[in-house]
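Here are the chains, one letter per residue:
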Amino acid sequence: MLYLGCHLSSSAGFKAMAETAVKLNANTFQFFLRNPRGGAAKDINADDVRAFLNLAEKYKFGKILAHAPYTLNPCSKDENTRDFARQVFADDLKRMENIPGNLYNFHPGSHVGQGVEVAIPQIVEILDEVMPEAKHTTVLLETMSGKGSEVGSTFEELAEIIAKTKDNAPERLGVCLDTCHVYSAGYDIINKLDEVLDKFDKVIGLNRLHAIHLNDSMTEFNSHKDRHEKIGEGSLGLEGIIRFINHPALKGIPINLETPNELDGYKAEIKTLRQNYKD
Ligand code: FE
Ligand code: FE
Ligand code: ZN
């Protein structure tokens, strides 16, 4: 089963996102629980959630994916920024209890000169604090491109964070693989997909791979940049992306597009990908 969707605006609520997804022929989606800059979250309305759950059941949706605000940096040098991260993280996970059984993805953060050795224990400390709030949610670390001082651009760094976190069963704490990011980070998922997935399995474990961000990239392989491109218009290319989504190890993992598109563009990409997917 191909669970394929895209990033949607949450401004009109869960039911509206599900309705939009259905129009796009999507059966999952990604969204922000609050303004991506980290502002106040909107109240979750029980009727809206119920309407969403009905639609999700009717159209056989896969798990949906909430994305943490971009300003959430658990390994900032600044203590206030880390405090903000722990508050927002915990609050988001509490909100996720309204839609149990889904996924919450965050960027491990940028260490801004402190070094990875300082950053990793800070990320672990915050995870240890917030994981108790994730009673029915799987928390995911996103694979990063390695721009600036980003942590999490290697499988080893992600594995170390997971290993050091106390509450880290594979169904509790996992990874969201972003195709643009890993390709920019130097993992050749276009020419050496088997090798990269083998490495992922050995270092992190494929049982921890719970979500995929499907993006092409504006920059070349190993660029350590983070510039998403429309599917088929970047350095990854359509052929390689089609091989990627059809890899047997990735079947059933929810995939969300974060390409520079409006809804029409997403609809066209979803159509192309579905046409080229072999069940
Ligand atoms: Fe992200
Ligand atoms: Fe992403
Ligand atoms: Zn990105």
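Refer to the preceding data block for the structure.
Conventions and cut-offs
- Residues numbered from 1 in each chain as written.
- Chains lettered and ligands numbered in written order.
- Predicted model: local features only at pLDDT ≥ 70, side-chain atom pairs only at ≥ 80, totals over all residues.
- Heavy atoms only, no water.
- Donors = N, O, S within 2.8 Å, 3.2 Å for Na, K, Ca; no water.
- Tetrahedral: all angles 85-135°; square planar, octahedral: opposite > 155°, others 65-115°.
- Helix = DSSP H or I, 4+ residues; strand = E, 2+ residues; numbered from the N terminus.
- Axes fitted to C-alpha atoms, helices over the stretch in contact; angles between N-to-C directions.
- Parallel < 35°, antiparallel > 145°, perpendicular 65-115°, else oblique.
- Left-handed = near helix turned anticlockwise from the far one by under 90°.
- Contact = heavy atoms within 4.5 Å.
- Nonpolar A, V, L, I, M, F, W, Y, C, P; charged D, E, K, R; others polar.
- Polar contact = N/O pair within 3.5 Å; in protein donor to acceptor, adjacent residues only side chain to side chain.
- Pairing = 2+ DSSP bridges.
- Buried < 20%, exposed > 50% of the residue type's maximum accessible area, 1.4 Å probe, protein only.
- Expected span 1.5 Å × (residues − 1).
- Core = buried A, V, L, I, M, F, W, Y, C linked by side-chain atoms within 4.5 Å.

Draft legend 1. Seen up close, the coordination of the iron ion (ligand 2). Taken together, E142 (OE), D178 (OD), H213 (ND1) and E258 (OE) make up the full set of protein donors to the iron ion (ligand 2), lying 2.0 to 2.2 Å away. The site at the iron ion (ligand 2) holds 4 donor atoms, and with the angles between them running 85 to 172°, its shape is irregular. Here the donor residues of the iron ion (ligand 2) share one chain and are spaced in sequence as E-x35-D-x34-H-x44-E. Taken as a pair, the iron ion (ligand 2) and the iron ion (ligand 1) lie 3.3 Å from each other and share E142 as a ligand. Taken together, the residues span a long stretch of sequence, with H213 in strand β7 (residues 209-214) and E258 in the loop between β10 (255-257) and α9 (263-275) at a distance of 45 residues.

Draft legend 2. Region of interest: the packing of helix α5 (residues 155-164) against helix α7 (residues 193-203). It is the contact of α5 with α7, at a shortest axis distance of 9 Å, that shows an interaxial angle of 25°. Taken together, the axis directions place α5 and α7 in an arrangement best described as roughly parallel. Classified by chirality, the crossing of α7 by α5 is right-handed. Where α5 abuts α7, its residues F155, E156 and A159 lie against V196, K199, F200 and V203. Split into classes, the residues belonging to the contact of α5 with α7 amount to 5 nonpolar, no polar and 2 charged.

Draft legend 3. Expanded view of the coordination of the iron ion (ligand 1). At 2.1 to 2.2 Å from the iron ion (ligand 1) lie its protein donor atoms, namely H67 (NE2), H107 (NE2) and E142 (OE). All donors of the iron ion (ligand 1) come from a single chain, and their spacing in sequence reads H-x39-H-x34-E.

Draft legend 4. Expanded view of the environment of H67. Relative to the elements of secondary structure, H67 occurs in strand β3 (residues 65-67). Between the C-alpha atoms of H67 and E195, which are 128 residues apart in sequence, the distance is 28 Å. Those residues in contact with H67 that lie beyond four places of it in its chain are Q30, F31, F32, L33, N105, H107, E142, H213 and E258. At 3.3 Å, the side chain of H67 forms a polar contact with the side chain of N105. A distance of 3.2 Å separates a polar atom in the side chain of H67 from a polar atom in the side chain of H107.

Draft legend 5. Fine view of the pairing of strand β1 (residues 4-7). In the sheet, β1 pairs with β10 via 3 bridges, with the strands oriented parallel. Paired with L4 across the two strands is I255, which belongs to β10. Pairing geometry for β1 and strand β2 (residues 28-32), over 3 bridges, is parallel. Bridge pairing in β2 links C6 to F29.

Draft legend 6. Focus on unusual backbone geometry. At N25, a residue that is not glycine, the phi angle is positive and equals roughly 65°. Inspection of the secondary structure assignment puts N25 in the loop between α1 (14-23) and β2. Overall, N25 belongs to the partly exposed group, its relative accessible area being 47%. Phi is positive for N222, close to 65°, though the residue is something other than glycine. Note that N222 resides in the loop between β8 (216-217) and β9 (228-229).

Draft legend 7. Representation of helix α3 (residues 79-96) within the structure. The first and last C-alpha atoms of α3 sit 26 Å apart over 18 residues, in line with the 26 Å expected at 1.5 Å per residue. Of the residues making up α3, those classed as buried are R82, A85, R86, V88, F89, A90, D92, L93, R95 and M96. Elements that come into contact with the buried residues of α3 comprise β3, β4 (102-106), α4 (116-130) and β5 (137-142).

Draft legend 8. View of the nonpolar core. Counting 79 residues, the largest nonpolar core has F29, F89, Y104 and F106 as its most contacted members. For this core, the element with the highest residue contribution is α4, accounting for 7 residues. Judged by nonpolar contacts, the second largest core, of 5 residues, contains L65, L103, L140 and C176.

Draft legend 9. Geometry of the sheet that holds strand β6 (residues 173-178). An order of β1-β2-β3-β4-β5-β6-β7-β10 is seen for the 8 strands of this closed barrel, with the pairing classed as parallel. Between one strand axis and the next, the sheet turns by 30° as a mean value, whatever way the strands run. Relative to the sheet, helix α8 (residues 238-245) contacts β6, β7 and β10, its axis offset from that of β7 by approximately 165°.

Draft legend 10. Structural detail: the packing of α1 against helix α2 (residues 46-58). Here α1 crosses α2 at 25°, and the two axes come no closer than 7 Å. In terms of orientation, α1 lies roughly parallel with respect to α2. Residue-level inspection shows F14, K15, A18 and E19 of α1 in contact with α2, the latter providing D48, V49, A51, F52 and L55. Along the lines of polarity and charge, the residues of the contact of α1 with α2 split into 6 nonpolar, no polar and 3 charged.

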